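# Topology and contacts: notes
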Amino acid sequence: MSPVDNHAAALTVAKFGGTSVADFTAMSRSAAIIKNNPAARIVLISACSGVTNLLVELANGVTEPDRRQQLLTRLGQIHHNVLSELQSPENVASKIDSLLDSVSTLADQAASQPSVQLTDQLVSHGELLSTHLFTRILNEMDVDTVRFDIRDIMRTDSQFGKAIPQPEAIRQLATDKLRPLLENQVVVSQGFIGSDSKGQTTTLGRGGSDYSAALVAEAVDASTLEIWTDVPGMYTTDPRIAAAAKPIKEISFSEASEMANFGAKILHPSTLVPAVRQQIPVFIGSSKAPEQGGTWIRESVDDAPLFRALALRCNQTMVTLTSLNMFHAYGFLAEVFRILAEHKVSVDLITTSEVSVSLTLDQTDTGGGAPTLPPKAVEALSELCRVEVEQGLCLVALIGNQMSSTKGSAKQIFGTLEDYNLRMICYGASPHNLCFLVKEQDAKSVVKALHQKIFE
Ligand code: ADP
Ligand code: ASP
Ligand code: MG
């Protein structure tokens, strides 16, 4: 076995989110986690907390010069604050400054003509900046560390803002370019960003660093994927919504995938897809308190409770299509989905009645906001049926096991919700979830009420 194969026997890919690399103190805490774990040889990090939001605002085109300057100044401060704490900032200062200059130039371009391609190029700077600083911090802690440009291996298609990764190409590129580096050092690289076959920068969508880390873990046959964030694991619901939420010690891939998919922000929705393909156990913990432990996500776990957790996803768009022609006819839904596919509209949930079908649209790209139906799709659908679009909705999902085959579970849930108006309910397709739409203003109290009834 070569030394690299030996590493593969206990190779951890560790990902640190924005709050875990927010400033010098957070970065140093995260670096100590790497230093203390010899198996953690690949580290993917996000941009410093808040930076991607600033970059997205610039990328959307800030025409007002004062506001643009304000955003650029704030970006400069965040990165210079870290530089000022380094023992030898001179090595990285020029790289940070040239990236900040590049942000300024691209922001000018975006102010006159924003585009999805430009947005990806601009927002990628957050991760390009943070990785320079984090690499330097590890080196100053005597951990031999090299910075690696993930765009050399993270091959995606050219769908800017929500690019689709190509796992086979990523595996091949990682074998050629990343693996040889692992022999004697730690590699620090960027989450969230990638590159298409022409070398143009792409992004995997907001929160995409978790997904990047899972893709890299898959490509190098890692034995563990660690996601370090600001909470010690996955909870029964977002602890910011229900303070009584409880940490989950162990959860199955299927339940955790449902959680991620239905909006538990702690994991990007696609994160577990590569982990499941390669059966890589995933650990989630807090970089502020690693000693508290966290959640293990694995193929099978001892415990499979009827109700596991609640997830919430806002910014939902619901489309209702009504046509009398649908009544006992065939081919109507096929035509609807043909039109949606032609306009690259991805559908999330769906329910039908005799003469109508309601569906929700999949999440939007790095540019942000609620997803919308492209005007051309509305036009084509309007020739077939009446089209109504509603926004300001949130999706609440209850995740569990055997819910659809357990008597009385619906009563417990809906009994608690008698004071709320439920817009759309999906139940039965999966034994692991029940979900419904509620008005945005009701969403948090619905989650709190359900959490109290079921978990407290
Ligand atoms: P990072 O920047 O590290 O990727 P995120 O903000 O994307 O962190 O995700 C962590 C946040 O996810 C937590 O602060 C918490 O508010 C939220 N969250 C949502 N659902 C859950 C859940 N079920 N358990 C724990 N945290 C959750
Ligand atoms: N920095 C990116 C974002 O804020 C990606 C990530 O943090 O996962 O969305
Ligand atoms: Mg995240």
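Above this text is the structure in question.
Keep in mind it's a predicted model, so treat the numbers as computed, not measured. (Residues numbered from 1 in each chain as written. Chains lettered and ligands numbered in written order. Predicted model: local features only at pLDDT ≥ 70, side-chain atom pairs only at ≥ 80, totals over all residues. Heavy atoms only, no water.)

A few words on the environment of Gln166. Along the chain, Gln166 turns up in the loop between β3 (145-147) and α7 (167-178). Sequence-distant contacts of Gln166, that is, excluding residues within four places in its chain, are made with Arg155, Thr156 and Asp157. (Helix = DSSP H or I, 4+ residues; strand = E, 2+ residues; numbered from the N terminus. Contact = heavy atoms within 4.5 Å.)

All right, on to the pattern of salt bridges then. Enumeration according to the criterion identifies 15 salt bridges in this entry. Its salt-bridge partner being Asp210, residue Lys15 comes within 2.6 Å of it at the nearest N-O pair. Of the two residues, Lys15 is situated in strand β1 (residues 12-16) and Asp210 in helix α8 (residues 209-219); the sequence distance between them amounts to 195 residues. Put simply, Glu335, Arg338 and Glu342 are held in one network by salt bridges that share partners. (Salt bridge = Lys/Arg side-chain N within 4 Å of Asp/Glu carboxyl O.)

The environment of ligand 2 is formed by Ser46, Thr52, Glu127, Phe192, Arg206, Gly207, Gly208 and Ser209. Contact distances for ligand 2 include 2.7 Å between a nitrogen atom and a side-chain N or O atom of Thr52. The side chain of Glu127 places a nitrogen or oxygen atom 2.7 Å from a nitrogen atom of ligand 2. Against a free-state accessible area of 260 Å², the protein chains account for coverage of 87% of ligand 2. Tallied by class, residues from the shell around ligand 2 come to one nonpolar, five polar and two charged. (Near = heavy atom within 4 Å. Polar contact = N/O pair within 3.5 Å; in protein donor to acceptor, adjacent residues only side chain to side chain. Areas by Shrake-Rupley, 256 points an atom, 1.4 Å probe, with all protein chains shown as cover. Nonpolar A, V, L, I, M, F, W, Y, C, P; charged D, E, K, R; others polar.)

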